[in-house]
Amino acid sequence: QAVEVKMNFITTSEEAGQDNSDDSKVQTIISQIFTDADKDNSGGLDRWEVYDALTELDYDVSPETCLALLREFDANSNGYLEVDEFASLVNDKVGKDVSAVYAMFANERDGMLSSGALRRALEMLGVDLNAKKTKSLLVQYDHDGDGKLGLLGFADLVAASPIARFWLAVDKSGTIRDARVKALNVLTKAPKKPVSVHSLLSGWSIVLLFSAYLRLFNPHIVEFNGANIPVLFDFFSKGSEGLTIHQFQASMIALSITSLMGIYRLPPNSPFSRRVYFWTCAVSVVQSALLLSSNLIAGEFGLFNAFDAPWNYILNGAGVLTQLTLLAGLDDAISGPDGGRKGLPTESGIGMAVFNYIMYIFNIVFFQVSLAPFYGNENMWASTSLSYLVENNLIIFPCTAPVTMGLITSLGALLATLKFEKKVDSTTAPLAVFAILALTEFDNIVQASSLFWIRGPSVEP
């Protein structure tokens with residue numbers, strides 16, 4: 001019944017929207033926010049989903065306040081806010097005149113105000129600001145840190161502006177605003193870009209990396225410790241090994257650059273859980289690029305000797321920094337104020353956030369522990385770490401871990417960016433990550449599993 005109520009409300013809003021009225025546009029925006037927040041498609045929002053929805057609308061609210069609001073607007077007392085109850089909550093916080101101004105400039109795709117749209121909306125209310133001051137004001141009220149302003153954030157901004165309140169009181173009918181907005185929309189509305197340059201460059205770099213990975217795609221049966229096991233990739237083929245390795249190196253270097261660009265593009269007031277996620281992606285991709293470019297992984301095709309200074313210090317430093325960012329992310333996922341719930345691609349809750357960080361730590365620690373302690377002494381590394389990996393048929397792990405980690409973390413960062421840009425939804429993003437993870441980690445999982453019951457002579461590295 002709750003789902004039916006939700007769909008009826010959305011359908012009614014869409015039908016009412018045919019007359020392009022500002023009120024119907026606002027209600028459509030509210031229903032879309034409701035749909036995005038209702039991750040389990042139950043037709044009702046629980047306390048955390050209400051928090052997610054209000055935060056997306058840039059309402060400065062705590063989880064405790066959300067619980068009080070849920071109880072206040074839960075008309076049927078079922079413990080959830082259905083779409084009409086959620087709409088009542090939002091409409092209670094925003095006057096119709098403010099909603100009308102917001103609707104004039106809200107983006108048709110995501111229902112939000114960009115910096116340019118906010119500037120034009122404020123001009124309608126007599127507040128004339130330059131681009132720099134408008135952006136600063138947006139950052140102040142952009143509580144979810146996505147670089148855009150939601151309806152409730154805009155309402156808070158207007159409430160704090162005496163000039164805006166004055167013009168709302170003078171032009172109660174909105175006649176002056178309607179006349180001005182028609183002219184300004186034609187003259188100043190900029191064309192929409194399909195995706196950002198950063199997302200485009202990241203996408204091409206991932207395609208370059210994945211195409212190198214697929215060049216080794218060769219499903220077959222191999223003998224491993226005296227038994228036949230299935231594998232998907234032929235990592236040690238001698239065909240075009242040099243070309244493939246150099247493509248891995250070029251794509252990882254490109255992804256390192258785009259990952260660092262992602263940090264630079266984060267809004268200043270982004271929550272810690274989002275910043276630490278992008279920092280983790282960036283430092284792990286940089287470390288993966290360094291490892292793939294060294295003779296530790298690339299052998300004769302390495303671009304530098306990992307045992308020579310300063311590269312041994314750089315590699316160890318990158319490893320330590322990666323571990324610190326991963327541990328910071330894990331700590332925030334477990335004990336942070338929002339439990340990892342900040343719209344990241346595969347982190348819809350604390351459980352998934354903890355799982356992701358533990359998986360990252362396991363992968364990185366494995367090849368980091370097996371390689372890092374001996375960067376300064378090649379003979380010691382060859383006689384201890386390398387010989388152990390070879391004798392136990394584990395040499396594939398440190399060879400593939402940097403590629404897998406680089407691919408998965410950069411894909412995660414790209415999907416997070418596209419999700420904030422409203423190009424992918426909450427279902428597509430995690431499915432894409434897990435599909436790529438399952439494909440690239442298949443050989444490692446099969447080989448690790450076989451170690452528990454298969455024993456035999458070691459193979460040559």
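Calculation criteria
For every chain, the first residue of its written sequence is number 1, and the numbers climb from 1 along that sequence. Local features in this predicted model are restricted to residues of pLDDT 70 or higher, and side-chain atom pairs are both shown and tallied only at a pLDDT of 80 or more, whereas totals for entire chains, interfaces and linings draw on every residue. Derived side-chain values reflect all non-hydrogen atoms in the structure, with water molecules and hydrogen atoms excluded from consideration. Numbering of helices and strands runs from the N terminus; a helix is a DSSP stretch of H or I covering at least four residues, while a strand is a stretch of E covering at least two. Residue burial is assigned from relative accessible area. The probe radius is 1.4 Å, only protein chains are included, and a residue is buried under 20% of its type maximum, exposed over 50%, and partly exposed in between. Here, residues are in contact when the closest pair of their heavy atoms is within 4.5 Å. Think of a nonpolar core as a cluster: buried Ala, Val, Leu, Ile, Met, Phe, Trp, Tyr and Cys residues, connected wherever their side-chain atoms sit within 4.5 Å. pLDDT runs from 0 to 100 and stands for how confident the predictor is about each residue. Orientation is described by axes fitted as lines to C-alpha atoms, over the contacting stretch for helices, and by angles from 0 to 180 degrees between their N-to-C directions. For classification purposes, angles smaller than 35 degrees are called roughly parallel, those larger than 145 roughly antiparallel, those between 65 and 115 roughly perpendicular, and all remaining angles oblique. Two helices crossing with the near one rotated counterclockwise from the far one by less than a right angle form a left-handed crossing, whereas a clockwise rotation gives a right-handed crossing. Residues are grouped as follows: Ala, Val, Leu, Ile, Met, Phe, Trp, Tyr, Cys and Pro are nonpolar; Asp, Glu, Lys and Arg are charged; all remaining types, including Gly, are polar. One less than the number of residues in a helix, times 1.5 Å, gives the span that helix is expected to have. Note on aromatic contacts: the rings of Phe and Tyr and the six-membered ring of Trp form a pair at centre separations within 6.5 Å, being stacked when their planes are under 30 degrees apart, edge-to-face when over 60 apart, and tilted otherwise.

Brief notes about the overall build of the protein chain
At step 1: Summing up its helical and strand segments, the protein chain has 20 helices and two strands in all.
At step 2: Each of the 461 residues in the protein chain was classed as buried or not, and the buried ones make up 52%.
At step 3: When contacts within the protein chain are restricted to residue pairs at least 6 apart in sequence, long-range pairs at least 24 apart make up 69% of them.

Describing the nonpolar core
At step 1: Counting residues in each nonpolar core, the largest one holds 53 residues, and the members touching the most others are Leu-54, Phe-86, Leu-113 and Phe-154.
At step 2: Residues in contact with Leu-54, not counting those within four places in the same chain, are Tyr-59, Val-61, Cys-66, Leu-69, Phe-86, Leu-89 and Leu-152.
At step 3: Residues Ala-289, Leu-292, Ala-318 and Val-424 belong to the second largest nonpolar core, which totals 36 residues.

Some thoughts on the confidence of the model for the protein chain
One rule of thumb: low pLDDT means the predicted coordinates there are not for detailed reading.
At step 1: Summary statistics for the protein chain give a mean pLDDT of 75 and a share of 74% for residues scoring 70 or more.
At step 2: Within the protein chain, no element has a lower average pLDDT than helix H1 (residues 2–16), which sits at 39, and none a higher one than helix H5 (residues 83–93), at 87.
At step 3: A low-confidence stretch, residues 188–193 (pLDDT under 50), is modelled with six contacts involving residues beyond four sequence positions or located in other chains.
At step 4: Of the regions scoring below 50 in pLDDT, residues 455–461 engages in 11 contacts with residues more than four places distant in sequence or in other chains.

Quick look at helix H9 (residues 151–159)
At step 1: With seven of its nine residues buried, H9 lies for the most part within the structure.
At step 2: Residues of H9 that are buried: Leu-151, Leu-152, Gly-153, Phe-154, Ala-155, Leu-157 and Val-158.

Focus on the packing of helix H6 (residues 96–105) against H9
At step 1: As a packed pair, H6 and H9 sit with axes 10 Å apart at the nearest point and diverge in direction by 120 degrees. For the element pair H6 / H9, the angle class is oblique. Classified by chirality, the crossing of H9 by H6 is right-handed. Packed against H6, whose contacting residues are Val-98, Ser-99, Val-101 and Tyr-102, the element H9 presents Leu-151, Phe-154, Ala-155 and Val-158 at the interface.
At step 2: The class makeup of the residues in the contact of H6 with H9 is seven nonpolar, one polar and no charged.

Side note on helix H16 (residues 311–335)
At step 1: An ideal rise of 1.5 Å per residue puts 36 Å on 25 residues; H16 measures up with 36 Å between its terminal C-alpha atoms.
At step 2: If you check which residues of H16 are buried, you get Asn-312, Leu-315, Ala-318, Gly-319, Thr-322, Gln-323, Thr-325, Leu-326, Gly-329, Leu-330, Asp-332 and Ala-333.

Brief notes about the side chain of Gln-249
At step 1: Among the secondary structure elements, Gln-249 is positioned in helix H13 (residues 241–265).
At step 2: Among the residues examined, Gln-249 registers a relative accessible area of 3% and is labelled buried.
At step 3: Sequence-distant contacts of Gln-249, defined by excluding residues within four places in its chain, comprise Leu-292, Ser-293, Ala-298, Phe-301, Gly-302 and Leu-303.

Examining unusual backbone geometry
At step 1: For the bond running from Ala-309 to Pro-310, omega is 5 degrees, close enough to zero to count as cis.
At step 2: Mapped onto the elements, Pro-310 comes out in the loop between helix H15 (295–298) and H16.
At step 3: For Asp-58, which is not glycine, the phi torsion reads 65 degrees and is therefore positive.
At step 4: With respect to the helices and strands, the residue Asp-58 is situated in the loop between helix H3 (47–56) and helix H4 (63–73).
At step 5: Judged by its relative accessible area of 0%, Asp-58 is buried.

Side note on the environment of Leu-260
At step 1: By secondary structure assignment, the location of Leu-260 is in helix H13.
At step 2: Given a relative accessible area of 45%, Leu-260 falls into the partly exposed group.
At step 3: When the C-alpha atoms of Leu-260 and Cys-281 are compared, they prove to be 8.9 Å apart, with 21 residues separating the residues in sequence.

Digging into the packing of aromatic side chains
At step 1: What the rule picks out here adds up to five aromatic pairs.
At step 2: Where Phe-34 meets Phe-86, the ring centres are 6.1 Å apart and the plane angle is 50 degrees; that geometry is what we call tilted. Taken as a pair, Phe-34 in helix H2 (residues 22–37) and Phe-86 in helix H5 lie far apart in primary sequence, 52 residues in all.
At step 3: The exposure class assigned to Phe-34 is buried, which follows from its relative accessible area of 0%.
At step 4: Pairing Trp-48 with Tyr-51 gives two aromatic rings, centres 5.6 Å apart and planes at 85 degrees, and the pair type is edge-to-face.

Focus: the packing of helix H14 (residues 272–293) against H16
At step 1: Here H14 crosses H16 at 155 degrees, and the two axes come no closer than 9 Å. On the basis of the axis angle, H14 is roughly antiparallel to H16. As H14 packs across H16, the resulting crossing turns out to be left-handed. Across the interface between the two elements, Phe-272, Ser-273, Val-276, Thr-280, Val-283, Ser-284, Gln-287, Leu-290 and Leu-291 of H14 pack against Trp-311, Ile-314, Leu-315, Ala-318, Gly-319, Leu-321, Thr-322, Thr-325, Leu-326, Ala-328, Gly-329 and Asp-332 of H16.
At step 2: When the residues that make up the contact of H14 with H16 are grouped by side-chain class, the tally is 12 nonpolar, eight polar and one charged.

Considering the environment of Asn-76
At step 1: Inspection of the secondary structure puts Asn-76 in the loop between H4 and H5.
At step 2: Contact partners of Asn-76, with chain neighbours within four places excluded, come to Glu-82 and Glu-85.

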